[in-house]
Amino acid sequence: MLSLFFADSVAYEVVALTSSESRHAEKVLRINVGEELRVADRLGAWVEGAVESLSPVRVLVARRGHDLPSGISVLQAITKGDAATDAVALLTEVGVGEIIPWNAHHSIARWDDEKSVKAREKWQVVAEESAKQSRRALVPTVSEMVSSKDLAPILNRFEGVVVLHESASTGIDDVEIPTKGALLVVVGPEGGISEEELAYFQGSAKVVHLGPHVLRSKNAAAIATALLLQKRHWYSTNESNNGGAK
């Protein structure tokens, strides 16, 4: 698969990489004229073609395509240190469209207003880097942090909500989800979703488990998302769309 780079737009017949991407391509990866690249706009649209010139890198478009949005967002409880960014990277690679940081009752890490801005920016950078690594043209959006008292307007945005909880009686394979429309996956912190939070979710969401073992928060969301996307046949649809793009 071709290396992926980003541009501000891929709507033209000759597409120029952003300045930072162009420097990376030339100075680090030693890209040369004539090499084939894939260039994306972060919103799903991508093109492929040969490098026409350098400084900045310009690509002559030969093929076009578009990554389909998955329709799945994740309400990811804030965790400490690298676990948080690991979760963002995994979710990006799997295919989520939005990641919402959640300041849950049992979250050990806490973001004040200033830290929230910086942490969100860091999550967004990780999402972009992971999109490049996984050759994904659509970079997930990292939304503003929400607390448990602010969940109602978030949940109302979605056709279906799936909450992961080890005490659930229904497995994720057995849950019925909408075949179309936006879907939200809720993942608690390492300390678990509180009883109060769980009671709130049970009024409007489907609470499921991922099997007999308890998974770490940073891994649970990606595994659940992959299973739900498979239920929706998103992977095969996206592969077919990319394979037939011109």
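Scroll up a little and you will see the structure.
Attention here is on the structure that accompanies the text. (Residues numbered from 1 in each chain as written. Predicted model: local features only at pLDDT ≥ 70, side-chain atom pairs only at ≥ 80, totals over all residues. Heavy atoms only, no water.)

## Comments concerning the environment of glutamate 128
Okay, step 1: For glutamate 128, the position within the fold is in helix H3 (residues 113-133).
Okay, step 2: Since its relative accessible area comes to 24%, glutamate 128 is described here as partly exposed.
Okay, step 3: Sequence-wise, glutamate 128 and alanine 50 are 78 residues apart; in three dimensions their C-alpha atoms are separated by 23 Å.
Okay, step 4: Residues within four places of glutamate 128 in sequence aside, it is in contact with Phe6, Arg42 and Val139. (Helix = DSSP H or I, 4+ residues; strand = E, 2+ residues; numbered from the N terminus. Buried < 20%, exposed > 50% of the residue type's maximum accessible area, 1.4 Å probe, protein only. Contact = heavy atoms within 4.5 Å.)

## Quick look at the pattern of salt bridges
Okay, step 1: In total, this model carries 11 salt bridges according to the counting rule given.
Okay, step 2: The closest approach of N and O atoms between glutamate 48 and arginine 38, which form a salt bridge, is 2.8 Å. Of the two residues, glutamate 48 sits in strand E4 (residues 45-53) while arginine 38 sits in strand E3 (residues 36-40), which places them 10 residues apart along the sequence.
Okay, step 3: For glutamate 48, a relative accessible area of 11% corresponds to the buried category.
Okay, step 4: Linking arginine 216 and glutamate 190 is a salt bridge whose minimum nitrogen-to-oxygen distance equals 3.6 Å. On the criterion of sequence distance, the pair formed by arginine 216 in the loop between strand E12 (206-208) and helix H6 (217-231) and glutamate 190 in the loop between strand E11 (183-187) and helix H5 (195-202) is long-range, its members being 26 residues apart. (Salt bridge = Lys/Arg side-chain N within 4 Å of Asp/Glu carboxyl O.)

## A closer look at the packing of aromatic side chains
Okay, step 1: Counted according to the given criterion, the structure contains 2 aromatic pairs.
Okay, step 2: Ring centres of tryptophan 102 and phenylalanine 201 lie 5.7 Å apart, and the angle between their planes is 85°; this geometry places the pair in the edge-to-face category. Of this pair, tryptophan 102 sits in strand E7 (residues 98-103) while phenylalanine 201 sits in helix H5, placing them 99 residues apart in sequence. The two residues tryptophan 102 and phenylalanine 201 agree in class, both being buried.
Okay, step 3: Between tyrosine 200 and phenylalanine 201, the aromatic rings sit 6.2 Å apart at their centres with planes inclined by 65°, giving edge-to-face as the arrangement.
Okay, step 4: Classification of tyrosine 200 as partly exposed rests on a relative accessible area of 39%. (Phe/Tyr/Trp six-rings, centres within 6.5 Å; stacked < 30°, edge-to-face > 60°.)

## Re helix H1 (residues 19-28)
Okay, step 1: Of all the residues in H1, the buried ones are Glu21, Ser22, Ala25 and Glu26. On an axial view of H1, the arc spanned by its buried residues comes to 120°, and they lie on one face. Projecting away from the buried face of H1 at angles above 90 degrees are the exposed residues Arg23, Lys27 and Val28. (Arc of directions from axis to C-beta.)

## Some points on the packing of helix H2 (residues 82-94) against H6
Okay, step 1: One way to put it is that H2 packs onto H6 with a least axis distance of 8 Å and a crossing angle of 10°. Between H2 and H6, the angle is such that the two are roughly parallel. Judged by the sense of rotation from one axis to the other, the crossing of H2 with H6 is right-handed. Of H6, the residues touching H2 (which contributes Ala83, Asp86, Ala87, Leu90, Leu91 and Val94) are Lys218, Asn219, Ala221, Ala222, Thr225, Ala226 and Leu229. (Axes fitted to C-alpha atoms, helices over the stretch in contact; angles between N-to-C directions. Parallel < 35°, antiparallel > 145°, perpendicular 65-115°, else oblique. Left-handed = near helix turned anticlockwise from the far one by under 90°.)

Treat this as a map of the structure, not an account of what it does.
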